[in-house]
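Each chain is listed here by its residues.
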Amino acid sequence: MSSFLPPSERNWWSTPVGKQEIIWIGIALVWCLIMFFMMPYWHIYGKQNLSNEAYQTNAPRYQANVDAMVASYKVGEEAGMPIVRPPPGSDVYMLGRLWQWYPILELEKNQSYRLHLSSMDWNHGFSLQPVNINLQIVPGYEMVITVAPDQAGEFTVVCNEFCGIGHHLMLGKIYVKEN
Amino acid sequence: MAQFRVCPDSGFYFDRSAESLMKANAVAGAVSLLIAGILALGVILTRWQEVHLLPADMFYQVLTGHGINALIFWIIFFEMAILYFASSTLLRTRIAAPRWAWLGFALMIIGMVMNNVAVLQGNSSVMMTSYAPMQAAPHFYLGLILFAVGALIGCFVFLGTLVIAREDRTYEGSIPLVTFGALTACIIAIFTIASGAIILVPTFLWSIGYIGHIDAAMYRVIWWGMGHSSQQINVAAHVSVWYLIVGVLFNARPMSEKVSRSAFLLYILFLQLASAHHILVDPGISSEWKVFNTSYAMYLAVLASMIHGLTVPGSMEVAQRAKGYTKGMFEWLRKAPWGNPVFSGFFFSLIIFGFIGGITGVVMGTEQINLIIHNTIYVPAHFHATVAVGTTLTFMALTYLLIPVLFRRALFLPGVAKIQPYVFSAGMTLMILFMLGAGTLGVARRHWDMDFTGALLAFEYPGTAYTLMAVAGIGGVLGVLGGAMYLVVTVGSLLFGKKLDESAGLLQGFGMPLAPSSYNVEQPERLQMAPKLAVEQHGSAGFEAPGTFALALALLVCFVVYYFINWDYLSSVWPLS
């Protein structure tokens, strides 16, 4: 009844708190602290962390970087899109635009690459399947992550940020080859 | 002229203007829920790949309308009714500036209609989030702005009403806990609307050509200052309603006023930059910022919810035990009124909000774990557990209380009302759990076609994903059925329910006050403080609510296990640095 009535004590603040609540608050607080410390812990000991490297950019400038990479390392074509095989350790560029991920990348297993990602127009979602790594790709910003594929095979980049009527047609590919 | 009436069943006093405002806002909320529910059917039957009902353009349009009507219009209209109830009714006072309140209501209606028209016209299928530089029609944004201004006026009317109650000394001591919770919701709402104004006003000006460029990253940061904080309004509001319901049904008193109020205070202090949860995998934002702003080093907002998770059912258990339901750990719960939709709706919402919504929310709000969850269908699964079951089902349960108390009507089809929370919860839980599973397999949210028919490159999700989405579809349809049952009962009650008072006519329910003779109280008696307990229970050596404590520990175990399962899953994906 008093949940919707004024408290029975004028000075309700100084009413003692039950043991059960105190114990629960203690347990919950410890758990909350553990959850907090897991994040810095993973930054130090975990292998899946985003770098903080990002740049402001614009569509023509980023496109020029992509085109330069395609011109240097193109090894084939699929569905009208170039397949690019950049050397391990190099800067690799992929762009999202309405409605494709460009170009197709061919990477080597267990080699690391500096993968640059940006959008030419709207927000896109870089969702690497079936690995299930998901990144937000924001126009005007170039994100750089160091990625080291540890499985070989065919991987697909699905767009998982709504980007208009062709959103569900927007796919890209990353092939990882055994070395 | 007397302007108050007293409800003979509940003893609540209603100020005539406040009563009409509550009714009008509740009805407008129900209309929004109707729209949202119909659109939900379109969404779920399209995502169920074997049915795949709607064409792509219509799907994105329907999804936009569903999100805005369900998450914004339905909930905020209903919250306005709650604010007026928690101030005017609970404090037995006249409402401040009723004309301003009506102006706010009118703006909200205009905004809602304008926004819905924009979506209906088809050139504003930009999703609820409307991420710039994707652009909607100007009246899409203007509608939202007008709605927000209207809601802001409502917030100030609420605050003004608290001031009047204090000046007129309509109550003894401090404001009740439920009003305190509503005040929390109101304060968060003001912050939320400010964030909304900061981002939507420039976006509106951009849509009509006065501003050349909206930075896409900035838009996301500030928009979520509104988008996420508005969910904290919901949490504060529905937790307040939980306290109200256990008070009304069980005469429960808070286990400790200090603990429950401090927990509400934590919501205000530690939720405000919750937009961080939405930009964990965005470029240009540092890890330090992300880690700190998702958690403030110790997750004090999560702590607040964990506290309410103990104290709400705990206060019910204490009250039930005092009535003699003391056998074993759970007699207090077994002997609860499971046939009363006010109780069952409240209790299911509590459990599903805590066990599913809460746990998944914290897990996906962890900086690195977000990598395997961001923008998958796991995300809508999470917020359906928090908002569609947590908030919406709580408001449904409250409606069953308000129909006799506020609208003075007997429930129409009480048998349907009785099972409604069961149908709705079962359907939604099924949908949520299977969508969580599909999200873990990488299925994208806001996506028309799992088959990618017509794409230049091909991709197939695993077969299991299709099965999961189909079961989610069945759950969703059941959930929509539960929602429809709610609307049949409420609208039916207002139209055909037996009148419990002399009526002012058919429209009595829809915002009209009752017949003048019902208002026979000049000024209610001053609201007294709750009676003191004969025996001080607090601080006693024993556990007052052992059953609740066991439930809380069960929650913690699920939480810990599930949290580390997700770290394990994360550790299996490609190394990134």
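Residues numbered from 1 in each chain as written. Chains lettered and ligands numbered in written order. Predicted model: local features only at pLDDT ≥ 70, side-chain atom pairs only at ≥ 80, totals over all residues.

## Structural notes on the sheet that holds strand β4 (residues 91-97) of chain A
Residue and element names in this part refer to chain A. Here five strands make up an open sheet; going across it, the order is β1-β10-β7-β4-β5 and the pairing mixed. Every interior strand has two partners, whereas the edge strands, β1 (54-56) and β5 (100-102), have only one. Sheet twist, expressed as the average angle between the axes of neighbouring strands with direction ignored, equals 20°. One ladder, built from six bridges, connects β4 with strand β7 (residues 113-119); its direction is parallel. Pairing of L95 across the sheet is with S118, part of β7. The sheet strands contacting helix α2 (residues 59-73) are β4, β5, β7 and β10 (141-147), and the helix crosses β4 at an angle near 125°. (Pairing = 2+ DSSP bridges. Helix = DSSP H or I, 4+ residues; strand = E, 2+ residues; numbered from the N terminus. Axes fitted to C-alpha atoms, helices over the stretch in contact; angles between N-to-C directions. Contact = placed C-beta atoms within 7 Å.)

## Considerations on the nonpolar core
Residues and elements named next belong to chain B. In terms of nonpolar packing, the biggest core is built from 254 residues, with Y84 and I245 touching the most fellow members. Per-element tally for this core: the top contributor is helix α2 (residues 56-89), with 21 residues. Those residues in contact with Y84, other than ones at most four positions away along the chain, are A18, L21, M22, I95 and F158. (Core = buried A, V, L, I, M, F, W, Y, C linked by C-beta atoms within 7 Å. Buried ≥ 20, exposed ≤ 12 C-beta atoms within 10 Å, placed from the backbone.)

## A look at the interface of chain A and chain B
The interface of chain A with chain B comprises 78 residues on the first partner and 97 residues on the second. Of all elements in the fold, only α1 (19-45), β8 (124-129), β9 (133-137), β10, β11 (153-159) and β12 (171-177) of chain A reach the threshold of two or more residues within the side of chain A that touches chain B. Counting residues per element, the side of chain A that touches chain B draws most heavily on α1(A), which supplies 17 residues. Of the residues assigned to the side of chain A that touches chain B, the class counts are 44 nonpolar, 27 polar and seven charged. (Nonpolar A, V, L, I, M, F, W, Y, C, P; charged D, E, K, R; others polar.)

## Thoughts on the pairing of β12(A)
Residues and elements named next belong to chain A. Where burial is concerned, most of β12 is hidden: five out of the seven residues are buried. In the sheet, strand β6 (residues 104-108) pairs with β12 via four bridges, with the strands oriented parallel. The residue bridging E106 from the neighbouring strand is Y175, located in β12. Both β11 and β12 contribute to a ladder of six bridges, which runs antiparallel. Across the sheet, V158 pairs through a bridge with L171, a residue of β12.

## Points about the sheet that holds β12(A)
Residue and element names in this part refer to chain A. Strand order across the open sheet formed by seven strands is β2-β3-β6-β12-β11-β8-β9, with mixed pairing between neighbours. Looking at which strands have only one partner, the edges of the open sheet turn out to be β2 (74-78) and β9. Sheet twist, expressed as the mean angle between neighbouring strand axes with direction ignored, is 25°.

## Considering the packing of α2(B) against helix α3 (residues 98-121) of chain B
All names here are of chain B. At their nearest, the axes of α2 and α3 sit 10 Å apart, and the two run at 170° to each other. If you check the angle between α2 and α3, you find them roughly antiparallel. On α3, the residues that touch Q61, T64, G65, I68, F73 and F77 of α2 are M108, M112, N115, N116 and V119. The class makeup of the residues in the contact of α2 with α3 is six nonpolar, five polar and no charged. (Parallel < 35°, antiparallel > 145°, perpendicular 65-115°, else oblique.)

## Focus: the pairing of β2(A)
Residue and element names in this part refer to chain A. Counted residue by residue, β2 has zero buried out of five residues, so it is predominantly exposed. One ladder, built from four bridges, connects β2 with strand β3 (residues 81-84); its direction is antiparallel. Along β3, the bridge assignment pairs K74 with V84. In this antiparallel pair of consecutive strands, β2 and β3, the connection spans two residues, and A79 shows a positive phi of 50°.

## A closer look at helix α1 (residues 16-47) of chain B
With 32 residues, α1(B) ought to run about 46 Å at 1.5 Å a step, and its terminal C-alpha atoms sit 46 Å apart, in line with that. Across the 32 residues of α1(B), 25 count as buried, placing the element largely inside the fold. (Expected span 1.5 Å × (residues − 1).)

## Remarks on the packing of α2(B) against helix α5 (residues 177-207) of chain B
Residue and element names in this part refer to chain B. Orientation of α2 relative to α5, taken along the N-to-C sense of each, is 135°, at an axis distance of 9 Å. With respect to each other, α2 and α5 are oriented oblique. The hand of the α2/α5 crossing is left-handed. Residues E79, I82, L83, A86 and S87 of α2 form the contact with α5, whose own contacting residues are V178, T179, A182, A185 and C186. Taken together, the residues of the contact of α2 with α5 sort by class into seven nonpolar, two polar and one charged. (Left-handed = near helix turned anticlockwise from the far one by under 90°.)

## Observations concerning the environment of I403(B)
Along the chain, I403(B) falls in helix α13 (residues 378-405). Apart from residues no more than four positions distant in its own chain, I403(B) is found in contact with R409(B), L411(B), T490(B), S493(B) and G497(B).

## Here we look at the confidence of the model for chain B
Summarising the model, chain B shows a mean pLDDT of 93, and 96% of its residues fall at 70 or more. Across the whole predicted complex the pTM is 0.95, and at the interface the ipTM reaches 0.96. (pLDDT = per-residue confidence, 0-100.)

## A short note on unusual backbone geometry
For the peptide bond that leads from L98(A) to W99(A), omega is -10°, which places it in the cis range. Of note in the backbone geometry, A79(A) takes a positive phi value of approximately 50° without being a glycine. Summarising the element assignment, A79(A) is placed in the loop between β2 and β3. The partly exposed category is assigned to A79(A), around which 13 C-beta atoms lie within 10 Å. Of note in the backbone geometry, S130(B) takes a positive phi value of approximately 40° without being a glycine. Examined against the element boundaries, S130(B) turns out to sit in the loop between α3 and α4 (138-167).

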